[in-house]
Amino acid sequence: MPPGEKGPPRILVSLATYNERDNLAPLVREVLERLPAAHVLVVDDNSPDGTGRLADEMAAADPRVRVLHRAGKLGLGTAILTAMRYAMDHDYDYLVNMDADFSHHPRYLPALVAGMDRHDVMIGSRYVPGGGTVAWPWSRRLMSWGVNLLVRLLFRIPAHDCSGAYRCYRVTKLRKAHLERLQSRGYSFQQEALYRCRRARSRLGETPIVFEDRRAGASKVSPREVVRSLSVLLVLGLRAFFGFDRP
Ligand SMILES: Nc1nc2c(ncn2[C@@H]2O[C@H](COP(=O)(O)OP(=O)(O)O)[C@@H](O)[C@H]2O)c(=O)[nH]1
Ligand SMILES: [Mg+2]
């Protein structure tokens, strides 16, 4: 390659896992089919079902797969933060994050990455035309709708889906986003991270995704986690709305 010319972007796809043994192997296979030049990082929290061991076996068989093991269940937010730090430390250009249960289907990866031509964060969005959710009870729809409305108003984030985890981040923007100021450990991480990226002047784009129910295993969301995330969002959101937070 001539000097000064940039090659294709170096992409890291991060998958936070807690008891995803039945989903992990087919998911990684489909991810690498769509993005053959990408690397996959599994961040496992010592899953009792052996997901971490399976990830190690996959890493031994394919150099594109890497694994980080954490001692115990430390939350989805900090798992994604760990992946963000890994992407910064290893000089990737883009970090794609997705759930490891097929709710975020790899078929959307090419559109997500293509949008990075014009944006710094691409959101896999349920709330733009063509996007949606299948098999969600009305209670979950209502909560997701309410959270997104709250976040758009309080944080003034110009995106329709602020709560999903399926995103592609430009790593240079993550470096400017003051991630050390993130307060969320659990599910409010998505909104807060988007807010931090926005404060770092990221251009946000959305591409439609249909969020499907997980293929195997059980959800790890508890009512306690919902209440905790909502209260974090309310406190941070009010602070942002009235201009009491640092840039
Ligand atoms: N490493 C790690 N992953 C987690 C944790 N909690 C959830 N996950 C993963 O985060 C993703 C989303 O979690 P899930 O329980 O499916 O949430 P839901 O889709 O909102 O019901 C899945 O890939 C989980 O395995 C955690 O504490 N640590
Ligand atoms: Mg899920």
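Residues numbered from 1 in each chain as written. Chains lettered and ligands numbered in written order. Predicted model: local features only at pLDDT ≥ 70, side-chain atom pairs only at ≥ 80, totals over all residues. Heavy atoms only, no water.

A. Structural context of helix 3 (residues 76–89). Taking 1.5 Å per residue, 14 residues should reach 20 Å; helix 3 reaches 20 Å between its end C-alpha atoms and fits that length. Within helix 3, 10 of the 14 residues are buried, which leaves it mostly tucked inside the rest of the structure. Of all the residues in helix 3, the buried ones are Gly-77, Thr-78, Ala-79, Ile-80, Leu-81, Ala-83, Met-84, Tyr-86, Ala-87 and Met-88. A positive phi of about 55° marks Asp-91, the residue just after helix 3. (Helix = DSSP H or I, 4+ residues; strand = E, 2+ residues; numbered from the N terminus. Expected span 1.5 Å × (residues − 1). Buried < 20%, exposed > 50% of the residue type's maximum accessible area, 1.4 Å probe, protein only.)

B. Region of interest: the environment of Phe-189. Relative to the helices and strands, Phe-189 is located in helix 7 (residues 189–199). Judged by relative accessible area, Phe-189 falls into the buried class, the value being 0%. Put simply, Phe-189 and Lys-6 are 183 residues apart on the chain and 32 Å apart in space, counted from C-alpha to C-alpha. Sequence-distant contacts of Phe-189, that is, excluding residues within four places in its chain, are made with Gly-77, Ile-80, Leu-81, Met-84, Leu-182 and Ser-184. (Contact = heavy atoms within 4.5 Å.)

C. Highlighting helix 5 (residues 138–155). Over its 18 residues, helix 5 runs 25 Å from end to end, which matches the ideal 26 Å to within 8%, given 1.5 Å per residue. Turning to helix 5, its buried residues number three or more, namely Ser-144, Val-147, Asn-148, Val-151, Leu-154 and Phe-155. Looking straight down helix 5, one finds its buried side chains confined to an arc of 145°; they lie on one side. Exposed side of helix 5, more than 90 degrees from the buried face: Trp-138, Leu-142, Trp-145 and Leu-153 are the residues found there. Note on helix 5: the residue one or two positions beyond its end, Arg-156, has a positive phi of about 55°. (Arc of directions from axis to C-beta.)

D. The arrangement of the packing of aromatic side chains in detail. Here the structure, examined in full by the defined rule, presents 4 aromatic pairs. Seen from their ring centres, Tyr-86 and Tyr-92 are 6.5 Å apart, and the 25° between their planes marks the pair as stacked. Classification of Tyr-86 by relative accessible area gives buried; the value is 13%. Given a relative accessible area of 4%, Tyr-92 falls into the buried group. Considering the side-chain rings of Trp-136 and Phe-211, the 5.3 Å spacing of their centres and the 65° angle between planes classify their relative orientation as edge-to-face. Within this pair, whereas Trp-136 is found in the loop between strand 6 (132–133) and helix 5, its partner Phe-211 is found in strand 9 (residues 210–211), the two being separated by 75 residues in sequence. Its relative accessible area of 9% is what places Trp-136 among the buried residues. Lying over the aromatic face of Tyr-92, Arg-10 brings its terminal NZ or CZ to 4.5 Å of the ring centre. Lying across the ring of Phe-211, Arg-126 places its NZ or CZ 5.8 Å from the centre. (Phe/Tyr/Trp six-rings, centres within 6.5 Å; stacked < 30°, edge-to-face > 60°. Lys NZ or Arg CZ within 6 Å of the ring centre and 35° of its normal.)

E. The packing of helix 3 against helix 7, seen in detail. At their nearest, the axes of helix 3 and helix 7 sit 9 Å apart, and the two run at 40° to each other. Taking contact as the criterion, the partners of Leu-76, Gly-77, Ile-80, Leu-81 and Met-84 in helix 3 are, on helix 7, Phe-189, Gln-190 and Ala-193. For the contact of helix 3 with helix 7, the residue count by class is 6 nonpolar, 2 polar and no charged. (Axes fitted to C-alpha atoms, helices over the stretch in contact; angles between N-to-C directions. Nonpolar A, V, L, I, M, F, W, Y, C, P; charged D, E, K, R; others polar.)

F. Geometry of the site of ligand 1. Taken together, 20 residues form the shell around ligand 1, and within it Glu-20, Asp-45, Arg-214, Ser-219 and Lys-220 come nearest. One of the backbone N or O atoms of Thr-17 is found 3.2 Å from a nitrogen atom in ligand 1. Within the side chain of Glu-20, one N or O atom sits 2.6 Å away from an oxygen atom of ligand 1. Considered on its own, ligand 1 offers 570 Å² of accessible surface; in the complex 97% of this is hidden by protein. Residues that form the shell around ligand 1 fall into these classes: 9 nonpolar, 3 polar and 8 charged. (Near = heavy atom within 4 Å. Polar contact = N/O pair within 3.5 Å; in protein donor to acceptor, adjacent residues only side chain to side chain. Areas by Shrake-Rupley, 256 points an atom, 1.4 Å probe, with all protein chains shown as cover.)

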